Amino acid sequence: GDRLDASRIRTLRTNLWREYHERRRAAATRAADAQPVCSQGVAANRLASRDWNLLLTNSTEFCCKRHQVVIQAGSHCGNFFRVKSGTFRVVMNDETVRVLHVGDVFGESSFLGTFEAHASVLANDADSTLDEMEVSFVRKFLSIEPELCMRFHRY
């Protein structure tokens, strides 16, 4: 049979990563159309500005220069990030697979444990900023806010 060389494997991984994010975005769009509402009148599948204000209580603003690496593929990251200004590139095998914009979140797999990052994230613009959130703080906070926890995990 056919053997897969390293280049073909990288291409397959990149395509799977891209397809995953396209499906995730499509699912989020479909879910937004349904708009279930919690007791506070906020869409249950979205995080409202109040939710973000609470989650960002203990965050640190992280300023990046153009091409600065935020997460390196293969490394372990204990925090996650929300884009505050500028854009960031998600790079796999030297290929940009996604561009993150203001409000986008990354590093959320840190909630699942100590997994290695599958892709690198780099600042795309000069003077881009992120809100860096410690997973341990957010976990504690979500444990006392059950409705916020539900919206966060659907996000």
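Shown above is the structure to which this text applies.
The notes below deal with the structure included here. (Residues numbered from 1 in each chain as written. Predicted model: local features only at pLDDT ≥ 70, side-chain atom pairs only at ≥ 80, totals over all residues. Heavy atoms only, no water.)

1. Some details on the environment of Lys 65
Next, step 1: Here Lys 65 is to be found in the loop between strand E1 (60–64) and strand E2 (69–71).
Next, step 2: Counting along the chain gives 58 residues from Lys 65 to Ala 123, while the straight-line C-alpha distance between them is 6.5 Å.
Next, step 3: Excluding anything up to four places from it in sequence, Lys 65 contacts Ala 123, Asp 125 and Asp 127.
Next, step 4: A polar side-chain atom of Lys 65 sits 2.8 Å from a polar atom in the side chain of Asp 127. (Helix = DSSP H or I, 4+ residues; strand = E, 2+ residues; numbered from the N terminus. Contact = heavy atoms within 4.5 Å. Polar contact = N/O pair within 3.5 Å; in protein donor to acceptor, adjacent residues only side chain to side chain.)

2. Thoughts on the sheet that holds strand E8 (residues 128–134)
Next, step 1: One open sheet accounts for four strands, arranged E1-E8-E3-E6; its pairing is antiparallel. Each end of this open sheet is capped by a strand with a single partner; those strands are E1 and strand E6 (105–106).
Next, step 2: By the bridge criterion, six bridges tie strand E3 (residues 79–85) to E8 in an arrangement that is antiparallel. Along E8, the bridge assignment pairs Asn 79 with Glu 134.
Next, step 3: In the packing of helix H3 (residues 135–144) onto the sheet, contacts are made with E3 and E8, and the angle to E8 comes to roughly 60°. (Pairing = 2+ DSSP bridges. Axes fitted to C-alpha atoms, helices over the stretch in contact; angles between N-to-C directions.)

3. Describing the layout of surface pockets
Next, step 1: Empty space within the second largest pocket amounts to approximately 160 Å³.
Next, step 2: Lining the second largest pocket we find Arg 13, Ala 73, Val 91, Met 92, Asn 93, Asp 94, His 118, Ala 119, Ser 120 and Leu 122.
Next, step 3: For the lining of the second largest pocket, the elements supplying multiple residues, two or more each, are strand E4 (88–92) and strand E7 (120–123). (1 Å grid on protein atoms, 1.4 Å probe; cavity = no way out; pocket = protein on both sides within 12 Å on 5 of 7 lines; lining within 4 Å. Points joined across faces, edges and corners; volume = space filled by probe spheres on them.)

4. Brief notes about the environment of Arg 10
Next, step 1: Its place among the elements puts Arg 10 in helix H1 (residues 6–34).
Next, step 2: We classify Arg 10 as partly exposed; its relative accessible area is 37%.
Next, step 3: Each C-alpha atom of the pair Arg 10 and Asp 94 lies 9.8 Å from the other, and the pair is 84 residues apart in sequence. (Buried < 20%, exposed > 50% of the residue type's maximum accessible area, 1.4 Å probe, protein only.)

5. Re the pattern of salt bridges
Next, step 1: Tallying each qualifying case throughout the model produces three salt bridges.
Next, step 2: For Lys 84, the salt bridge goes to Glu 61, with nearest N and O atoms at 2.7 Å. Here Lys 84, found in strand E3, pairs with Glu 61, found in strand E1; they are 23 residues apart in sequence, far enough to count as distant.
Next, step 3: Lys 84 sits in the partly exposed class, given a relative accessible area of 40%.
Next, step 4: On the basis of relative accessible area, Glu 61 is assigned to the partly exposed category, the value being 44%.
Next, step 5: Across the pair Asp 131 and Lys 84 runs a salt bridge, and its minimum N-O distance is 3.9 Å. Of the two residues, Asp 131 is situated in strand E8 and Lys 84 in strand E3; the sequence distance between them amounts to 47 residues.
Next, step 6: Its relative accessible area of 8% is what places Asp 131 among the buried residues. (Salt bridge = Lys/Arg side-chain N within 4 Å of Asp/Glu carboxyl O.)

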